[in-house]
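# Analysis of the macromolecular model
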Amino acid sequence: ILLLYTGTIFPYKLAFIEFYIGGTEEMEKESQRAWAPIEQTVDILFWIDLFLIFIFSYKDEKLEVEVCDLKKIFCRYVKGFFFVNFLACVPPSWFSVFFGSSDGNQSSLNKGLRLSRLHRTSRL
């Protein structure tokens with residue numbers, strides 16, 4: 001379900017709702033209120049996915065065996081896609097706190113970083 005959302009609804013929202021030029025502020029607020037429950041649900045599911053990957057085994061390409069050792073799984077994930085997945089999970093409000101600003105530039109930065117969710121669709 002998350003991949004379906006990431007591959008269809010998420011790019012649509014970015015292109016036609018969040019980056020829309022010429023809309024009124026009231027229209028933007030109404031759109032945000034309408035999408036808020038869905039966005040929160042998806043964000044929670046992505047956070048759960050971020051940590052569930054720590055317990056899923058993977059196949060070692062060299063030895064062609066399944067690796068079930070949690071320490072090896074942890075090291076591989078942290079050295080691999082963990083940071084990208086973490087940035088994709090960070091809510092926009094956190095960027096305002098970390099960068100000390102609440103203007104649109106920080107929101108645009110987060111929107112760009114959230115595009116990293118699209119890499120998950122390549123796993124199909």
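My aim in this report is to walk through the structure given alongside it, one point at a time. All values reported here derive from a predicted model rather than from experimental measurement. (Residues numbered from 1 in each chain as written. Predicted model: local features only at pLDDT ≥ 70, side-chain atom pairs only at ≥ 80, totals over all residues. Heavy atoms only, no water.)

### Here's the deal with the packing of aromatic side chains
Cut-off, in case you're wondering: Between 30 and 60 degrees the pair is tilted, below 30 it is stacked and above 60 it is edge-to-face, where a pair is any two Phe, Tyr or Trp rings, Trp via its six-membered ring, whose centres lie within 6.5 Å. Helix and strand definitions follow DSSP, with helices as H or I runs of at least four residues and strands as E runs of at least two, each counted in order from the N terminus. Here's how the labels work: a residue is buried when its accessible area is under 20% of the maximum for its type, exposed when over 50%, partly exposed in between, all with a 1.4 Å probe on protein chains only. Criterion for a charge above a ring: Lys NZ or Arg CZ within 6 Å of the ring centre, and within 35 degrees of the ring normal.
Under the definition given, this model contains eight aromatic pairs. An angle of 25 degrees between the planes, with centres 5.3 Å apart, marks the rings of Phe54 and Phe74 as stacked. Remark: Phe74 occurs in helix α3 (residues 70-79) and Phe54 occurs in the loop between α2 (25-52) and β1 (58-60); sequence separation between them is 20 residues. Residue classification places Phe54 among the buried residues on the basis of a relative accessible area of 15%. Exposure remark for Phe74: the relative accessible area of 45% places this residue in the partly exposed category. Relative to Phe86, the ring of Phe82 has its centre 6.2 Å away and its plane inclined at 25 degrees; by these criteria the two rings are stacked. Residue Phe82 and its partner Phe86 are both found in helix α4 (residues 82-89); the two are separated by four residues, about one turn of the helix. Phe86 sits in the partly exposed class, given a relative accessible area of 27%. Through pairs of rings, three or more aromatic residues link up here, namely Trp47, Phe51, Phe54, Phe74, Tyr77, Phe82 and Phe86. The ring of Tyr58 carries Arg76 above its face, with NZ or CZ at 4.1 Å from the centroid.

### Let's talk about the nonpolar core
To keep things clear, this is the line we draw: Here, nonpolar core refers to any group of buried Ala, Val, Leu, Ile, Met, Phe, Trp, Tyr and Cys residues whose side-chain atoms link them within 4.5 Å.
Grouped together as the largest cluster of nonpolar side chains are 11 residues: Leu2, Tyr5, Phe10, Leu14, Val42, Phe46, Leu50, Ile53, Phe54, Tyr77 and Cys89. For this core, the secondary-structure elements that each account for two or more residues are α1 (2-18) and α2. Residue contributions to this core peak at four residues, all from α1.

### Describing a nonpolar patch on the surface
The cut-off we apply is this: Nonpolar side chains (Val, Leu, Ile, Met, Phe, Trp, Tyr) within 5 Å and like charges within 9 Å form the patches, drawn only from residues with over 30% relative accessible area and no salt bridge. What sets the accessible areas is the Shrake-Rupley method with a 1.4 Å probe; for residues, cover comes only from the shown protein chains. Put simply, a salt bridge is a Lys or Arg side-chain nitrogen that is within 4 Å of an Asp or Glu carboxyl oxygen.
Where nonpolar side chains cluster on the molecular surface, the patch consists of Ile44, Leu45, Ile48, Leu52, Ile55, Phe56 and Leu70 and spans about 650 Å² of accessible area. It is α2 that provides the largest number of residues to the nonpolar patch, a total of four residues. Relative to the helices and strands, Leu70 resides in helix α3.

### Quick notes on α4
The condition is simple: This arc describes the spread of directions from the helix axis toward the C-beta atoms.
Buried residues of α4: Asn85, Ala88 and Cys89, and no others. Buried residues in α4, looked at end-on, bunch into an arc of 100 degrees, giving them a common side.

### Considering the environment of Glu18
Here Glu18 is to be found in helix α1. Under the relative-accessibility criterion, Glu18 is labelled partly exposed at 31%. With 10 residues separating them in the primary sequence, Glu18 and Glu28 have C-alpha atoms 7.9 Å apart.

### Brief notes about the side chain of Glu39
So the rule is basically this: Polar contacts here mean pairs of N or O atoms no more than 3.5 Å apart (in protein, one a potential hydrogen donor and the other a potential acceptor; neighbouring residues in sequence count only if both atoms are side-chain atoms).
Among the secondary structure elements, Glu39 is positioned in helix α2. Within polar-contact distance, the side chain of Glu39 engages the side chain of Tyr5 at 2.3 Å.

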